[in-house]
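So the chains spell out like this:
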Amino acid sequence: MESGLLNVQMVRLSILILSIICLFLIGLVFVLANALWNLRNKFAELAHKNIEHPSSKHYLTSLENRTSLINRVENLIANSKDGDIRTALLFIDIDDFNSINGSLGVRLGDLLLQSIASRIVAEASGYTKLIYQVGSDEFGVVVYDCGQDSVMLNELASNIIAAVGQPISLQGYDLQISCCVGVCTYPDCAADAETLLKNSGSARDNAKKIGYGTCSFYTQEMSRRSVIRTLISADLRHALERNEFYLHYQPKVNLQTEMVQGAEALLRWRHPSLGNITPDIFVPVMEDLGLIHPVGKWLIHAACKDIVKLHSEGYTDLHIAINLSPHQFDKGDIASIIAEVIWDTGIAPHKVEIELTEAVVMNDTEKSSLMLRVLQSMGVKIAVDDFGTGYSSMNQLTRFPINILKVDRSFIHDMHLIPANRTIVSTIIRMAKQLGYEVVAEGVEKEEELDLLRLEGCDIIQGFYYSKPLEFSRFAQYVREKNSVNGTRKQDEENLA
Ligand code: C2E
Ligand code: CA
Ligand code: CA
C-alpha cells in the first residue's frame, strides 16, 4: 500500500519535472525565435541599405544612381588635397519625357532612355567616367578638377545637348528629342555634394524656363531668388485680400504728336515687412502658385477703371496696355474676363491692349490663337512684348492676330553706339511696317536713342527718357501737363498757319 502511494508521488514528481522542462524548452524556443526574428530584421535593414549602396545600378542603363553620385562627390571633396579642387556637376534632364513615354508606351520609352544614356556616356566619357542616372529621365555628369573657367563645361554641355538632339529611329518611329542641362560647380557655388546636386537642379529649372535644348549655369542670383521665393510664397497668398497690390503706369508717348498715347500698367507689391518687391521676382512665384489668375483679373479691372477716369476728364484717346502671362492663356477664360471688365467699366475695347510674350506666339496653341482672335474681333489690340528676345519666326508672327510690336529694350540700349543694335531695330521697324503693325520702342533712356528711333520711323516711345512708371495720380498729372501743353502748342501752330 505504502509502495503504491510512493509510486503515485514519484509519477506526480516526474510529471512536475517534465512540465518544468517543457516550459523551459518553450521559453528557450521563444527566446531563440525572437533572436532569429531580430536577426532577420537586421539583415533586411542591411539588405535595404545595400539597395541604396554605391554599387546599385539602374536596371535599364546600368548607370549608378543618385546616392552613388553623392557618395562619390563627397569622397572626391574629402580626399582632394586642399578640399577645393573645382568640381562640376552637369544635371541633364530630358525635355517632356513623360508625354513621350505616355504617347509611345513604356517599352519604347525604356529603349529611348537606353539610347539617350549611351549618347550621354559617349559624349561625356572624353571628359570623365563619373556618369550617373539620378532620376528616371535625369542624368548627372561629374567633372573633377574642371579648371577655373567654364569654357570646357560649356562645350561639354553643348555637345551633350547636340548628341541627345540627333534624330533617333526606334521600332519604325523617327524621334527627335531634346534635353536641358543645369551646371553647378564646387566650391564656388556649392559647399557640399548635396548642395551641388540641388543647385545644378535649380540651374536645370532655369534652363527649362529659357526653352527646350538649353543650358544654364547656377548663379548666386538664383540662390537669392530661391530664398526669396520661399520667403514670399506664404505672404503672396494673402496679398490680394490684404490690398497690398497696386499699379504703376508708364506713359507711352507718340513720337509724331509728342502726346501721351496711353500707358502700360505694371503690377507692384508692397510687402508688409520686406517693402516693395519687383514683379520680376514675385510674378513667376504667382504663376507657380496659380495666383496669377485672381490677381490678373483684379489688375485688368483696376487698370481699366483708372483709365476710364482720365477718359471722363476728356483724355479719351488714352490706351491702357496690360501684361498677360502665358499661364493666363492656359486657363482658357481670359477672353471672357476681359469682356466682363469692358462691360463693367464701360471702356471702349479698342482702348485696351494686351501684351503677350513671344512664348505665347511660339507655343501657338489652337486655344490661345482662338482666344486672341475673339479678343481682336471685340476690338482689343494685341501686342508682342520684348520682341526679338524669344526667337519667334516671322512665319509664326504672321499666323497670329497682332497689332503692335514692342521692340525689346536690350536692342534700344545704346543703339547710337552699338551698330548691331541699330541694325536690328531698323530691320524690326521696317518689317513691322510692311506687316501693318504699330511699333513701340521700350526702355528708351537717351536722347540719342530717341533721335535714331525718330529717323527709323518708330511710332511710340516708352522709357525713362520720358518717364519712369508712376502711381496713378502722378500719371494723371503727367497726362494733363503733357497733352494739354502740346495740344495747346499744336493748336497755336495750326492757328498761326
Ligand atoms: P515688361 O513688360 O517688359 O515691362 C517693362 C519693364 O521695363 C518695367 O519693369 C519698367 O519699369 C522697365 N522699364 C521701362 N522703361 C525703362 C527704361 O527706360 N530703362 C530700364 N532699364 N527699364 C525700363 P518692371 O515694372 O519692373 O516690370 C518688369 C517685368 O515684370 C515686366 O516687364 C513684365 O514682364 C512683368 N510684369 C510687370 N507687371 C506685370 C503684370 O501686371 N502682369 C504680368 N504678367 N507681368 C508683369
Ligand atoms: Ca510689357
Ligand atoms: Ca517689355
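This one's a predicted model, so the numbers in the text were calculated from it and none came from an experiment. (Residues numbered from 1 in each chain as written. Chains lettered and ligands numbered in written order. Predicted model: local features only at pLDDT ≥ 70, side-chain atom pairs only at ≥ 80, totals over all residues. Heavy atoms only, no water.)

*Asks:* Break down the layout of surface pockets for me, citing the residues and quoting the values.
*Replies:* A volume near 200 Å³ is recorded for the second largest pocket. Contributing to the lining of the second largest pocket are 13 residues, with Met259, Val260, Asp317, Leu318 and Asn483 lying nearest its centre. Put simply, the parts of the chain that give the lining of the second largest pocket at least two residues each are β9 (260–271) and α18 (472–496). Across the lining of the second largest pocket, the residue classes break down as four nonpolar, eight polar and one charged. (1 Å grid on protein atoms, 1.4 Å probe; cavity = no way out; pocket = protein on both sides within 12 Å on 5 of 7 lines; lining within 4 Å. Points joined across faces, edges and corners; volume = space filled by probe spheres on them. Helix = DSSP H or I, 4+ residues; strand = E, 2+ residues; numbered from the N terminus. Nonpolar A, V, L, I, M, F, W, Y, C, P; charged D, E, K, R; others polar.)

*Asks:* Give a detailed account of empty space enclosed by the protein, specifying residues and quantitative values.
*Replies:* If you walk through the whole model with that rule in mind, you get one cavity of 30 Å³ or more. By volume, the largest cavity is sized at about 40 Å³. Forming the boundary of the largest cavity are His293, Gly296, Lys297, Gln328, Lys331, Asp333, Ile334 and Ile337. Where the lining of the largest cavity is concerned, the elements lending two or more residues are α9 (292–312) and α11 (334–345). Partitioning the lining of the largest cavity into residue classes produces two nonpolar, three polar and three charged.

*Asks:* Could you give an account of the sheet that holds strand β6 (residues 179–186), with specific residues and numbers?
*Replies:* Strand order in the open sheet formed by five strands is β2-β3-β1-β6-β7, with mixed pairing between adjacent strands. Across the chains shown, the open sheet's two edge strands, defined by having one partner strand only, are β2 (130–135) and β7 (215–217). The sheet shows a mean angle of 20° between the axes of neighbouring strands, direction not considered. Sheet analysis places strand β1 (residues 87–94) next to strand β3 (residues 138–143), joined by six bridges and oriented antiparallel. Looking at the pairing, Ile92 lines up with Phe139 of β3. Those strands touched by helix α6 (residues 193–210) are β1, β3, β6 and β7, and its axis lies near 145° from that of β6. (Pairing = 2+ DSSP bridges. Axes fitted to C-alpha atoms, helices over the stretch in contact; angles between N-to-C directions. Contact = heavy atoms within 4.5 Å.)

*Asks:* I'd like to hear about the coordination of the calcium ion (ligand 3), residue by residue, with values.
*Replies:* Protein coordination of the calcium ion (ligand 3) is provided by Asp385 (OD), Asp386 (OD), Glu442 (OE) and Glu442 (OE), with donor distances spanning 2.2 to 2.5 Å. Sequence spacing of the donors to the calcium ion (ligand 3): D-D-x55-E. The metal-metal distance between the calcium ion (ligand 3) and the calcium ion (ligand 2) comes to 3.8 Å, with Asp385 coordinating both. Placement of the pair is Asp386 in strand β13 (residues 381–387) and Glu442 in strand β15 (residues 438–442), with a sequence separation of 56 residues. (Donors = N, O, S within 2.8 Å, 3.2 Å for Na, K, Ca; no water.)

*Asks:* Tell me about the coordination of the calcium ion (ligand 2), residues and numbers included.
*Replies:* For the calcium ion (ligand 2), the protein coordination sphere consists of Glu264 (OE), Asn323 (OD1), Glu355 (OE) and Asp385 (OD), at 2.2 to 2.3 Å. In the primary structure, the donors to the calcium ion (ligand 2) are separated according to the pattern E-x58-N-x31-E-x29-D. Since its relative accessible area comes to 5%, Glu264 is described here as buried. A residue is classified by how much of its surface remains accessible, and Asp385, at 8% relative accessible area, is buried. (Buried < 20%, exposed > 50% of the residue type's maximum accessible area, 1.4 Å probe, protein only.)

*Asks:* Pulling in residues and values, what's your account of the packing of helix α7 (residues 220–239) against helix α8 (residues 279–289)?
*Replies:* Running from N to C, α7 and α8 point in directions that differ by 60°, and their axes come no closer than 9 Å. As judged from the angle between their axes, α7 and α8 are oblique. As for how α7 packs across α8, the hand of that crossing is right-handed. Facing Arg224, Arg225, Ile228, Arg229, Ile232, Ser233, Leu236 and Arg237 of α7, the residues of α8 in contact are Asp280, Ile281, Phe282, Pro284, Val285, Met286, Asp288 and Leu289. Residue composition of the contact of α7 with α8, grouped by class: nine nonpolar, one polar and six charged. (Parallel < 35°, antiparallel > 145°, perpendicular 65-115°, else oblique. Left-handed = near helix turned anticlockwise from the far one by under 90°.)

*Asks:* Please set out helix α16 (residues 419–434) residue by residue, giving values where relevant.
*Replies:* Taking 1.5 Å per residue, 16 residues should reach 22 Å; α16 reaches 23 Å between its end C-alpha atoms and fits that length. Regarding α16, the residues found buried are Asn421, Val425, Ser426, Ile428, Ile429, Met431 and Ala432. (Expected span 1.5 Å × (residues − 1).)

*Asks:* Can you explain unusual backbone geometry? Please cite residues and give values.
*Replies:* Cis rather than trans, the peptide bond between Tyr186 and Pro187 has omega equal to 0°. Summarising the element assignment, Pro187 is placed in the loop between β6 and α6. One non-glycine residue, Glu258, lies in positive phi territory at about 65°. Position of Glu258 relative to the elements: it lies in the loop between β8 (245–254) and β9.

*Asks:* Give a detailed account of the pattern of salt bridges, specifying residues and quantitative values.
*Replies:* One pass over the structure, following the stated rule, counts 22 salt bridges. Between Asp333 and Lys331 there is a salt bridge; the shortest N-O distance is 3.6 Å. Among the residues examined, Asp333 registers a relative accessible area of 24% and is labelled partly exposed. Within this structure, Asp93, Asp95, Glu138, Arg204, Asp205 and Lys208 form a network of salt bridges that share partners. (Salt bridge = Lys/Arg side-chain N within 4 Å of Asp/Glu carboxyl O.)

*Asks:* Describe in detail the environment of Leu291, supporting the description with residues and values.
*Replies:* Relative to the helices and strands, Leu291 is located in the loop between α8 and α9. Residue classification places Leu291 among the buried residues on the basis of a relative accessible area of 14%. For the pair Leu291 and Leu236, spaced 55 residues apart in sequence, the C-alpha separation works out to 8.2 Å.

*Asks:* So what about the side chain of Arg86? Which residues, and what values?
*Replies:* Within the fold, Arg86 resides in the loop between α2 (66–79) and β1. Taking the relative accessible area as the measure of exposure, Arg86 reaches 7% and is therefore buried. At 2.7 Å, the side chain of Arg86 forms a polar contact with the backbone oxygen of Gly147. Only 3.5 Å separates the side chain of Arg86 from the side chain of Thr185, close enough to count as a polar contact. (Polar contact = N/O pair within 3.5 Å; in protein donor to acceptor, adjacent residues only side chain to side chain.)

*Asks:* Now, about the packing of aromatic side chains: what can you tell me, with residues and values included?
*Replies:* Within the structure shown, the criterion is met by seven aromatic pairs. On the numbers, 6.4 Å between centres and 40° between planes, the contact of Phe245 with Trp298 is tilted. Highlighted residues: Phe245 in strand β8 and Trp298 in helix α9, separated in sequence by 53 residues. Judged by relative accessible area, which is 7%, Phe245 ranks as buried. You can call Trp298 partly exposed: its relative accessible area is 30%. Above the face of the Tyr246 ring, Arg270 is positioned so that its terminal group lies 4.3 Å from the ring centre. Here the basic side chain of Lys468 rests over the ring of Phe464, its NZ or CZ set 4.8 Å away from the ring centre. (Phe/Tyr/Trp six-rings, centres within 6.5 Å; stacked < 30°, edge-to-face > 60°. Lys NZ or Arg CZ within 6 Å of the ring centre and 35° of its normal.)

So, to be careful, I would describe these as geometric facts and stop short of saying anything about function.
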